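One letter stands for each residue in the lines below.
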Amino acid sequence: LGADPLTERINEKQQKWKYKVAVLSGKGGVGKSTVAVNLAAALAKKGYYVGILDADIHGPNVAKMLGVDRAEVLAEELEDGRFEMLPPMTDFMGQVTPIKVMSMGFLVPEDQPIIWRGSLVTKAIKQLLGDVKWGELDFMIIDFPPGTGDEILTVTQSLQLDAAIIVTTPQEVALLDTGKALNMMKKMEVPYIAVVENMSYLICPHCGNEIDLFGRGGGRKLAEKEGVEFLGEIPIDLKARQASDAGIPIVLYGDTMAAKAFMELAEKLV
Ligand code: ADP
């Protein structure tokens, strides 16, 4: 049985991507996109060629976080008459290797909710993989929607993922959803699965002490319990909003503990 043409195109393209990394979470709002974007930026800072696909249809904000939300997506006609989208690239004033960015957000108006059936979401994500001129990449990072929806399963089936990073906060770690996302990746036999605990603690701007707001350490425990890697703790960074507004990931924005934590995270991954 041959695969459908789109799946075949994904297959062809992914041969040129050295490492395919999915970023997942049980719930929204835990910082999944923040982790995906900062990981991409940290790797780009180290000189790697990185592509990031914002597949989070419910909150496609990767492009905004990378300062390319107003980018125009150009298309190129191929010999067979099909069109391929050209991914917008980050700038960061030439400080780091440009990151190629594609987002569900490019395809729909910003202020409109996306009310699509799962199969349509799956198709859209697959098109953003297979009908985009990604070229050679060291890392392809996919920011999936939160949860364990069908679209994640289907897209994962057409990719040979190398790694899955599960993002949780200390609060969410106790909830079933995080474990479910992790176990979905186990079932899909992703060779490397790791947990990141985001918003682990707060650094007091006055005394510099670390404050465990939500009960730190759950992410590590979850990783131990499930027999997967624990990649690290990311503190709450008060500069995050500023960085986000500026369209620059924290890891490139300032010399903060969170920036350091993200850099260490990328180093562990390579
Ligand atoms: P998700 O992708 O899981 O929905 P986001 O990455 O969009 O979550 O993050 C949700 C909000 O929390 C954003 O406003 C983001 O700037 C903020 N945020 C995420 N991680 C941190 C952090 N470590 N410190 C401070 N703010 C953070």
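S.K.: How would you explain the site of the ligand if you had to name every residue and give the values?
M.R.: Gly-29, Lys-32, Ser-33, Thr-34 and Asp-237 are the nearest of the 16 residues found near the ligand. Between the ligand and Ser-33, the relevant distance is 2.8 Å, taken from an oxygen atom to a main-chain nitrogen or oxygen of the residue. Burial of the ligand by the protein amounts to 77% of the accessible area it has alone, namely 560 Å². For the shell around the ligand, the secondary structure elements donating two or more residues are helix 2 (32–45), strand 8 (192–203) and strand 10 (229–236).

S.K.: Give me the lowdown on the pairing of strand 10, citing residues and values where you can.
M.R.: Across the eight residues that make up strand 10, a large majority, six, are buried. In this sheet, strand 10 lies alongside strand 8 in parallel orientation, the contact comprising six bridges. For Glu-197, the partnering residue across the bridge sits in strand 10 and is Glu-233.

S.K.: So what's going on with the packing of helix 2 against helix 11 (residues 257–269)? Residues and values would help.
M.R.: With their axes 9 Å apart at the nearest point, helix 2 and helix 11 run at an angle of 70° to one another. Judged by the angle between their axes, helix 2 and helix 11 are roughly perpendicular. Every residue of helix 11 that contacts helix 2 at Thr-34, Val-35, Asn-38, Leu-39, Ala-42, Leu-43 and Lys-45 is listed here: Phe-262, Met-263, Leu-265, Ala-266 and Leu-269. In the contact of helix 2 with helix 11, the residues fall into nine nonpolar, two polar and one charged.

Calculation criteria
- Residues numbered from 1 in each chain as written.
- Predicted model: local features only at pLDDT ≥ 70, side-chain atom pairs only at ≥ 80, totals over all residues.
- Heavy atoms only, no water.
- Near = heavy atom within 4 Å.
- Polar contact = N/O pair within 3.5 Å; in protein donor to acceptor, adjacent residues only side chain to side chain.
- Areas by Shrake-Rupley, 256 points an atom, 1.4 Å probe, with all protein chains shown as cover.
- Helix = DSSP H or I, 4+ residues; strand = E, 2+ residues; numbered from the N terminus.
- Buried < 20%, exposed > 50% of the residue type's maximum accessible area, 1.4 Å probe, protein only.
- Pairing = 2+ DSSP bridges.
- Axes fitted to C-alpha atoms, helices over the stretch in contact; angles between N-to-C directions.
- Parallel < 35°, antiparallel > 145°, perpendicular 65-115°, else oblique.
- Contact = heavy atoms within 4.5 Å.
- Nonpolar A, V, L, I, M, F, W, Y, C, P; charged D, E, K, R; others polar.

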